Amino acid sequence: MRRIFMAWVILWASFGLSAVIASEPPQIPLTPYPTAGVAFRGPSGWVEQVRDKGKTIAWWIAPDSRPGKPTAIIMVECAKPVDSSLDEAARGLARGFHGEVDGRPTSMGGTRALRIVAKNGGPSLRPVEALAAMHEGRLYLVMGGVTAGHSVKEELESIRASWTWTQIEPPFRHLELRDKPFSLAQGAATIQLPELMYTYPHEEPDRVLDLGLHNFTRNAPDFLAYVQVVPLPTVLDFEAYRGQLSDRLQAQGIVKKPIVWRKLEGDPDRLVSETMQAEVPDGTRGRKQSTNIRWAVVRIDDRRLVSVNFTLPVDAPGDRETYVRLADRIVETIRPGPAAQPGPRKPGPAGTGR
């Protein structure tokens, strides 16, 4: 009799446990960020934004935000630390927040972390909470900012609780293009770019995209692209522009010989240069450094073209041809947009020279 009773107890316990498990909501899978060496669960329902700094792993705005006016943001970053210790980094962050370091112990992926807290009672967006951890010589930050009446506490705790360290990988293994293209010059053209590329600030963001592909191990970009829409003066056509560009680069001492152009996929309106060694300013007292560059020009209508300058740093890891192929893939995605002006096309010259 006792055996039967115990069997019922076990059966009921098993049923009850199964019912509890079945009633629990499914866990949202972790999102991997392999080039930064982490994976975590992002804020549910929040809108992810295009990376705007090399050190940004990812960032989001709150779902109730209006265009250009976020009610709250969350940003995850990784960079080479300026301070020698986590405590110093946290204190510096607290000063910037006008807040304080929370003394209660916490962790990120099993690594010691510190929490920084502040308050914001005003209508402007201000940072109010952050998590900081040091891992393998890099400083990782999870930061949240809000306007009055909003909170990021639950979202940051979800990121912290799900934080998982992974093997850091170089960018050349993750060159997938974004599904959604970027628009240029108010719809004159569109272009697709790697998911991991970030934008540098520019005074003409609609006409120019200044982009980089950041390597968190080197703390430097492995690949750069400067994309711009160029108006063609009435006295200068598409063929003349590419010759003038070659002459100008030689006159500036950037390249030592004329650019040799080839048609991409046989298209006379889509030209790419060979890979050339170039001398470019390194930002240090006018000095120059050697690098590899490629150029591309794509006609979008009879009045405008898209010019792309690719930079392939010589110290970037991996096979250079990987980035050469990436440049070609990007140029292949450039298309006239809805604001392009249709018109008769002039035939391109024979051959691939100037």
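Keep in mind that this is a model prediction, so the values were computed, not measured. (Residues numbered from 1 in each chain as written. Predicted model: local features only at pLDDT ≥ 70, side-chain atom pairs only at ≥ 80, totals over all residues. Heavy atoms only, no water.)

S.K.: What's the story with the overall build of the protein chain in this structure? I'm lost.
M.R.: Helix and strand counts for the protein chain come out as five helices and 21 strands. Here the protein chain holds 354 residues, and 44% of them are scored as buried. Taking as baseline every contact in the protein chain between residues at least 6 positions apart, the subset at least 24 positions apart corresponds to 53%. If you sum the accessible surface of the protein chain, you get close to 19000 Å²; carbon and sulfur atoms cover 55% of it. (Helix = DSSP H or I, 4+ residues; strand = E, 2+ residues; numbered from the N terminus. Buried < 20%, exposed > 50% of the residue type's maximum accessible area, 1.4 Å probe, protein only. Contact = heavy atoms within 4.5 Å. Areas by Shrake-Rupley, 256 points an atom, 1.4 Å probe, with all protein chains shown as cover.)

S.K.: I tried to follow the layout of surface pockets on my own but got confused; where do I start?
M.R.: To find the voids left in a structure, one rolls a probe of water-molecule size over its atoms. Empty space within the largest pocket amounts to approximately 310 Å³. Taken together, 20 residues line the largest pocket, and the ones lying closest to its centre are Tyr 33, Thr 35, Arg 51, Glu 195 and Leu 196. Only β1 (31-33), β4 (56-61) and β14 (208-215) provide two or more residues apiece to the lining of the largest pocket. Broken down by element, the residue count for the lining of the largest pocket peaks at three residues, all from β1. For the lining of the largest pocket, the per-class residue count stands at nine nonpolar, six polar and five charged. (1 Å grid on protein atoms, 1.4 Å probe; cavity = no way out; pocket = protein on both sides within 12 Å on 5 of 7 lines; lining within 4 Å. Points joined across faces, edges and corners; volume = space filled by probe spheres on them. Nonpolar A, V, L, I, M, F, W, Y, C, P; charged D, E, K, R; others polar.)

S.K.: Please explain the pattern of salt bridges as it appears in this structure.
M.R.: Where side chains of opposite charge bring their charged atoms close, a pairing between them can arise. Scanning all chains against the criterion turns up 19 salt bridges. A salt bridge links Arg 112 to Asp 87; the nearest nitrogen and oxygen atoms lie 3.0 Å apart. In this pair, Arg 112 sits in strand β7 (residues 111-117) while Asp 87 sits in helix α2 (residues 86-97), placing the two residues 25 residues apart along the sequence. Asp 87 gets classed as partly exposed once you look at its relative accessible area, which sits at 30%. Across the salt bridge formed by Glu 204 and Arg 207, the nearest N and O atoms sit 3.1 Å from each other. On the basis of relative accessible area, Glu 204 is assigned to the partly exposed category, the value being 34%. Given a relative accessible area of 26%, Arg 207 falls into the partly exposed group. (Salt bridge = Lys/Arg side-chain N within 4 Å of Asp/Glu carboxyl O.)

S.K.: Mind showing me how you'd approach the nonpolar core here?
M.R.: In globular proteins that are soluble, nonpolar side chains generally tend to be buried together. In terms of nonpolar packing, the biggest core is built from 32 residues, with Ile 191, Phe 223, Val 227, Val 306 and Phe 310 touching the most fellow members. Elements represented by at least two residues in this core include exactly β11 (182-184), β12 (189-191), β14, β15 (220-231), β19 (288-299), β20 (304-312) and α5 (320-333). Among the elements that line this core, the one with the most residues is α5, at six residues. Leave out the neighbours within four places in its chain, and Val 227 touches Leu 184, Ile 191, Arg 207, Val 208, Leu 209, Leu 211, Val 306, Ser 307 and Val 308. One finds Ala 62, Ala 72, Trp 165 and Ile 168 within the second-largest nonpolar core, a separate group that totals 28 residues. (Core = buried A, V, L, I, M, F, W, Y, C linked by side-chain atoms within 4.5 Å.)

S.K.: Help me understand the sheet that holds strand β5 (residues 72-79), please; the structure alone is not making it clear to me.
M.R.: Two strands in a sheet stick together by hydrogen bonds in their backbones, pointing the same way (parallel) or opposite ways (antiparallel). The strand order across the open sheet formed by seven strands is β3-β4-β5-β9-β8-β7-β6, and the pairing between neighbours is antiparallel. Looking at the sheet topology across the chains shown, the edges are occupied by β3 (47-48) and β6 (100-108). Both strand β8 (residues 126-135) and strand β9 (residues 138-146) contribute to a ladder of nine bridges, which runs antiparallel. Bridge assignment links Leu 131 to a residue of β9, and that residue is Val 142. Its contacts with the sheet place α2 against β6, β7, β8 and β9, and it is angled at close to 15 degrees to β7. (Pairing = 2+ DSSP bridges. Axes fitted to C-alpha atoms, helices over the stretch in contact; angles between N-to-C directions.)

S.K.: How should I be thinking about the packing of aromatic side chains in this particular structure?
M.R.: The way to describe two aromatic rings as a pair is by their centre distance and the angle between their planes. Under the defined criterion, the tally for this structure stands at nine aromatic pairs. On the numbers, 5.1 Å between centres and 65 degrees between planes, the contact of Tyr 198 with Tyr 200 is edge-to-face. Tyr 198 gets classed as buried once you look at its relative accessible area, which sits at 4%. Taken together, Tyr 33, Phe 40, Trp 60, Tyr 140, Trp 163 and Trp 165 form an aromatic cluster joined through their ring pairs. (Phe/Tyr/Trp six-rings, centres within 6.5 Å; stacked < 30°, edge-to-face > 60°.)

S.K.: It is not clear to me how the sheet that holds β12 should be interpreted in this structure. Could you clarify?
M.R.: The three strands lie next to each other as β11-β12-β21, forming an open sheet whose pairing is antiparallel. Of all strands in the sheet, those bounded by a partner on one side alone are β11 and β21 (335-336). Pairing of β12 with β21, which is carried by two bridges, proceeds in the antiparallel orientation. Along β21, the bridge assignment pairs Thr 190 with Arg 335.

S.K.: How do you make sense of unusual backbone geometry when you look at a structure like this?
M.R.: Where the residue is not glycine, phi is negative for most of them; where a peptide bond is considered, it is trans in most cases. Of note, the phi angle at His 98 is positive, near 60 degrees, even though the residue is not glycine. By the secondary structure assignment, His 98 is in the loop between α2 and β6. For Gln 186, which is not glycine, the phi torsion reads 55 degrees and is therefore positive.

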